[in-house]
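This is what each chain is made of:
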Amino acid sequence: MAQLALLLRLARRSVLRNRRRTLIILVAIGVALWAMIFFAALTRGWENDVVHNAIFTLTGHLQAHAPGYRDDPSVDHTMSTPGSAVIRLLDNPEVEAWAQRVRVPAVVMSEHDTAGVTLVGIDPAAERGLSFIADAVHRGRYLDSPDDHGILIGRALADRLGTGLGKRVVVMSQGTDHSVADLGFRVVGLFEGDREATEMAYVFVGRGTAATMLGLGDRVSEVAVMLRDRRRLPSFVARLRAAAPGLEVQPWTTLEPMAQAMVALGQAWIWMFFIVMYVAMAFGLINTMLMAVMERTREFGMLQALGMRPRLILTQVVFESCLLLAAGTVAGVGLAAGTLALLHGGINLSFLAQGAEMWGMGKVIYPAAAAGDVIGAVGLVVVLGVLSSVYPAWRAARRVPIEAITRN
Amino acid sequence: MTDIVACHGLSKTYRPDYLAVDALTDIELSIAEGEFASLVGPSGSGKTTLLNLIGGLDSPTAGEVYLRGRRIDTLPPGELADLRLNHVGFVFQAYNLIPVLTARENVELVMELQGIDATGRARLSRDILHEVGLEGLADRRPAELSGGQQQRVAVARAIVSHPAVVLADEPTANLDSQTASSLLELMRELNERHGITFIISTHDPMVMEFARRRVMLRDGRVVDDTVAA
């Protein structure tokens, strides 16, 4: 115990011996850790945004479809409204919101232009808390009921079609009898999506109105479900599959493979960045410790001559690294916490425009520090940092005292 | 008197496989308990090499080294470290002290390694610093002490745990004559008062005058061994 106290005292004072060098390595460790935590938080923010966009655009946490709908999302692959067993499951407290939709490919025409879109027939009240549309109308009004005869179109689509609020558009699709089904709608609202692609891709009408136009009767294209707790997803999917054996029930990770791939990419990206930052920092640490050790060769030799065992010399040098790493860690984590606190309102990426959109990002990214990432970064820096210092420590300890003492 | 140090057929050759240099050849030497001996000779005569072999800092090419009757040249590094810690005190020519420790802490260093408790360390270091005339400078770091004061601290550290022998390698080489004389006076006083054995390597004539026994080396061999009357 007395020996450990001595080694700690020697290590602490030795670290303070060359203050400039200590400051430089502390800055290197601190900045490396700050960069690791901040980058991980940015990546998690991006992942959250990608997942949020994927889930809230229309997907929900899971969906049920008629078999074949995902390959051919037309009126040929619709399903009956859910039966009582399914309704019982959907109405339980685990479910935040659920809705039935008609969702088919269509063409929307204005007096100026035509665009291919997805026609979505919704129950306006049921979409609240389930998808973005209820809160996305920025001009005009939201739909009143499933039988509303108005249409909601995206701002970007309106610009492209040269149409606007109060004007009429015609929506065309294929009816159940394979004839052209078309209907004129008045634009009652313009919506804004997180991404321009969303504004261009969807038009929203009442579900009853869409069913009438397509001749679907009570049939629907999909049931979308939002859970209160995403972690319950696997068990809920299993139960819904059991309750509706004739339907294809799939979680968002299957329905949005791109989003899922981006989450996996983000995870790999974080660890690649961690390792690159660690390697850069480790070289600095090893170099610093080697310099400190070589400058003190005679001192270590003298300590050995006095009877300090080589393993105690090694321990002392490792203690010095530990002190540097501890101080650098406090500085890095503190700096990262401060930076993230300053940016809690999000980082506006609108200047990146379509470039950011291509990566599934919205216009604002909210850095989200995950405890696991912070622990991982700190653990990597401290554990591997200590291991990195073993080499210089070993260099200090392996010299026989006579070589060290007689060295000029 | 009992022999504290004994060397039999001691030889040391550096770089035995390439341009071999014989630093010591067939040394026979015994140092009795309580002696104040000097190893003298010109540069390259083997003084420091002999001192290092006696202190277990180096290993011989041939021969045997005994400390208090225990053969030490065959001990593994860990046991040699323990032997140095508990039985040998060192005073080097320069760079004797740990720069980040105060004079008192430098003196206590060996005792801390020996596991002596803080109270015991404080008492012993206070007494020994008083004895070497540095009681008012205990909290100064080496950079705040003169060369002579630093060597006194080194002597205090070397004797504080009552080793079998104190080995001093050119301890006065970097000191002015007055300071050197004062340091030698101190070592001889400690030798007489505590019976601690001192072996000092030197080519300083003043040291030779202080030492009662003078072992002269030349080209790695003992050429004269004189005890003053």
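About the criteria used
- Residues numbered from 1 in each chain as written.
- Chains lettered and ligands numbered in written order.
- Predicted model: local features only at pLDDT ≥ 70, side-chain atom pairs only at ≥ 80, totals over all residues.
- Heavy atoms only, no water.
- Helix = DSSP H or I, 4+ residues; strand = E, 2+ residues; numbered from the N terminus.
- Rg over C-alpha atoms; globule rule 2.2 N^0.38 Å.
- Buried < 20%, exposed > 50% of the residue type's maximum accessible area, 1.4 Å probe, protein only.
- Contact = heavy atoms within 4.5 Å.
- Areas by Shrake-Rupley, 256 points an atom, 1.4 Å probe, with all protein chains shown as cover.
- Lys, Arg positive; Asp, Glu negative; His and termini not counted.
- Charge placed at Lys NZ, Arg CZ, Asp CG, Glu CD.
- Polar contact = N/O pair within 3.5 Å; in protein donor to acceptor, adjacent residues only side chain to side chain.
- Axes fitted to C-alpha atoms, helices over the stretch in contact; angles between N-to-C directions.
- Parallel < 35°, antiparallel > 145°, perpendicular 65-115°, else oblique.
- Left-handed = near helix turned anticlockwise from the far one by under 90°.
- Nonpolar A, V, L, I, M, F, W, Y, C, P; charged D, E, K, R; others polar.
- Pairing = 2+ DSSP bridges.
- Patch = residues over 30% accessible without salt bridge, like charges linked within 9 Å, V, L, I, M, F, W, Y side chains within 5 Å.
- Salt bridge = Lys/Arg side-chain N within 4 Å of Asp/Glu carboxyl O.
- Buried area = accessible area lost by both parts, 1.4 Å probe.
- Domains from an automatic or database assignment.
- Phe/Tyr/Trp six-rings, centres within 6.5 Å; stacked < 30°, edge-to-face > 60°.
- Core = buried A, V, L, I, M, F, W, Y, C linked by side-chain atoms within 4.5 Å.

**Here we look at the overall build of chain A**
Here comes step 1: Along its length, chain A carries 14 helices and twelve strands.
Here comes step 2: The C-alpha radius of gyration computed for chain A amounts to 31 Å, which surpasses the reference 22 Å derived for 408 residues by more than 25%, pointing to a less compact arrangement than a globule.
Here comes step 3: When its C-alpha atoms are laid out on the principal axes, chain A stretches across 100 × 45 × 30 Å.
Here comes step 4: The burial tally for chain A puts 50% of its 408 residues in the buried class.
Here comes step 5: The long-range share in chain A, meaning contacts at least 24 apart out of those at least 6 apart in sequence, stands at 78%.
Here comes step 6: Accessible surface for chain A amounts to roughly 18,100 Å². Of this, 61% is attributable to carbon and sulfur atoms.
Here comes step 7: Seen as two clouds, the 38 positive and the 34 negative side-chain charges of chain A have centres 19 Å apart.

**Re the side chain of Ser221 of chain A**
Residues and elements named next belong to chain A.
Here comes step 1: Of note, Ser221 is situated in the loop between α6 (207-214) and β9 (222-227).
Here comes step 2: By relative accessible area, which is 0% here, Ser221 ends up buried.
Here comes step 3: Side-chain polar atoms of Ser221 contact the backbone nitrogen of Arg103, separated by 2.7 Å.
Here comes step 4: Those residues in contact with Ser221 that sit more than four places away from it in its chain are Ala64, His65, Ala66, Tyr69, Thr78, Met79, Arg101, Val102, Arg103 and Val104.

**Some details on the packing of helix α11 (residues 310-342) of chain A against helix α13 (residues 371-398) of chain A**
Residues and elements named next belong to chain A.
Here comes step 1: Where α11 meets α13, the axes come as close as 8 Å, and the angle between the chain directions of the two elements is 150 degrees. Of the possible angle classes, the one that applies to α11 and α13 is roughly antiparallel. For the crossing formed where α11 meets α13, the hand is right-handed. Side by side, α11 and α13 meet where Pro310, Ile313, Leu314, Val317, Val318, Ser321, Cys322, Leu325, Thr329 and Val333 of the first sit next to Val378, Val381, Val382, Gly385, Val386, Ser389, Val390, Pro392, Ala393, Trp394, Ala396 and Ala397 of the second.
Here comes step 2: By residue class, the composition of the contact of α11 with α13 is 18 nonpolar, four polar and no charged.

**A look at the sheet that holds strand β8 (residues 197-202) of chain B**
Backbone-to-backbone hydrogen bonds pair the strands of a sheet. The strands run either parallel or antiparallel.
Residues and elements named next belong to chain B.
Here comes step 1: Spatial strand order, β6-β7-β8-β3-β9-β10: six strands in an open sheet with mixed pairing. Each edge of the open sheet carries a strand with a single partner, namely β6 (88-91) and β10 (221-227). Neighbour-to-neighbour, the strand axes of the sheet open up by a mean angle of 15 degrees, direction not taken into account.
Here comes step 2: As defined by bridge partners, strand β3 (residues 36-40) adjoins β8 across five bridges and the pair is classed as parallel. Within the sheet, the bridge partner assigned to Leu39 lies in β8 and is Ser201.
Here comes step 3: Across the sheet, helix α1 (residues 47-54) lies against β3, β7 (165-169), β8 and β9 (213-218), angled at about 150 degrees from β8, the strand it touches most.
Here comes step 4: The strands touched by helix α6 (residues 177-194) within the sheet are β3 and β8, with β8 carrying the most contacts at an inclination of about 155 degrees.

**Topic: a nonpolar patch on the surface**
Here comes step 1: Together, Val383, Leu387, Val390, Tyr391 and Trp394 of chain A line one region of the surface with nonpolar side chains, adding up to about 470 Å² of accessible area.
Here comes step 2: Within the element layout of this structure, Val383 of chain A appears in helix α13.

**Remarks on the interface of chain B and chain A**
Here comes step 1: Contact with chain B, which involves 28 residues of that partner, is made by 22 residues of chain A.
Here comes step 2: Taken over both partners, the interface formed by chain B and chain A buries close to 2,300 Å², and the fraction arising from carbon and sulfur atoms is 64%.
Here comes step 3: Across the pair Glu105 of chain B and Arg9 of chain A runs a salt bridge, and its minimum N-O distance is 3.6 Å.
Here comes step 4: The tally of links from chain B across to chain A stands at eight residue pairs in polar contact (both at pLDDT 80 or more).

**Focus on the sheet that holds strand β2 (residues 21-32) of chain B**
Residue and element names in this part refer to chain B.
Here comes step 1: The sheet built from four strands is open, its strands ordered β2-β1-β4-β5 with antiparallel pairing. A single partner strand is all that each edge strand has here, and the edge strands are β2 and β5 (70-71).
Here comes step 2: As paired strands, strand β1 (residues 3-14) and β2 are joined by eight bridges and run antiparallel to one another. Bridged to Cys7 within β2 is Leu29.
Here comes step 3: Contacts between α1 and the sheet are confined to β1, β2 and β4 (62-67), with β1 contributing the most and set at about 125 degrees to the helix.

**Digging into the domain arrangement of chain A**
Here comes step 1: Domain annotation of chain A identifies domain 1 (2-54 + 260-406) and domain 2 (60-254).
Here comes step 2: In this structure, domain 1 of chain A and domain 2 of chain A have C-alpha centres spaced 50 Å apart.

**Here's the deal with the pairing of β6 of chain B**
All names here are of chain B.
Here comes step 1: Residue alternation in β6 divides its side chains into two sets, Val88 and Phe90 and Gly89 and Val91, and both sets are buried.
Here comes step 2: The sheet contact formed by β6 and β7 spans four bridges and is parallel. Considered in β7, the bridge of Val88 is made with Val165.

**Looking at the environment of Ala41 of chain A**
All names here are of chain A.
Here comes step 1: Positionally, Ala41 belongs in helix α2 (residues 19-59).
Here comes step 2: Judged by its relative accessible area of 1%, Ala41 is buried.
Here comes step 3: Along the primary structure Ala41 and Trp252 are separated by 211 residues, whereas in three dimensions their C-alpha atoms are 23 Å apart.

**What about the packing of aromatic side chains?**
Residues and elements named next belong to chain A.
Here comes step 1: Evaluation of the coordinates by the stated rule reveals eleven aromatic pairs over all chains.
Here comes step 2: Taken together, a centroid distance of 6.1 Å and an interplanar angle of 50 degrees make the contact between Phe39 and Trp269 tilted. On the criterion of sequence distance, the pair formed by Phe39 in helix α2 and Trp269 in helix α9 (residues 257-295) is long-range, its members being 230 residues apart.
Here comes step 3: Here Trp269 falls in the partly exposed class, since its relative accessible area comes to 46%.
Here comes step 4: Taken together, a centroid distance of 6.0 Å and an interplanar angle of 75 degrees make the contact between Phe132 and Phe204 edge-to-face. One end of the pair, Phe132, is in the loop between β3 (114-122) and β4 (137-140); the other, Phe204, is in strand β8 (residues 202-206), and 72 residues separate them in sequence.
Here comes step 5: Through successive ring pairs, a cluster of aromatic residues spans Phe132, Phe191, Tyr202 and Phe204.

**Considerations on the nonpolar core**
In a soluble, globular protein the nonpolar side chains are often hidden away together inside.
Here comes step 1: Among the nonpolar cores identified, the biggest contains 81 residues, and Met308 of chain A together with Leu50 and Ile199 of chain B are the most heavily contacted of them.
Here comes step 2: Sort the elements by how many residues they give to this core and α2 of chain A lands first, with ten residues.
Here comes step 3: When neighbours within four sequence positions are excluded, Met308 of chain A is seen to be in contact with Leu6, Leu7, Leu10, Leu303 and Ile313 of chain A together with Ala81 and Leu113 of chain B.
Here comes step 4: In this structure, Ala138, Leu175, Leu190 and Phe198 of chain B belong to the second largest nonpolar core, which totals 36 residues.

**As for the pattern of salt bridges**
Residue and element names in this part refer to chain B.
Here comes step 1: The full count for this structure, using the stated rule, is 36 salt bridges over all chains.
Here comes step 2: We note a salt bridge from Arg213 to Glu35, for which the minimum N-O separation is 2.9 Å. Linking Arg213 in strand β9 with Glu35 in the loop between β2 and β3, this pair joins segments that are 178 residues apart in sequence. Accessibility assignment for this pair places Arg213 and Glu35 in one class, buried.
Here comes step 3: A salt bridge links Arg104 to Glu108; its shortest N-O distance comes to 3.8 Å. Taken together, the positions of Arg104 and Glu108, both in helix α3 (residues 103-114) and four residues apart, correspond to about one turn of that helix.
Here comes step 4: Owing to a relative accessible area of 7%, Glu108 belongs among the buried residues under this scheme.

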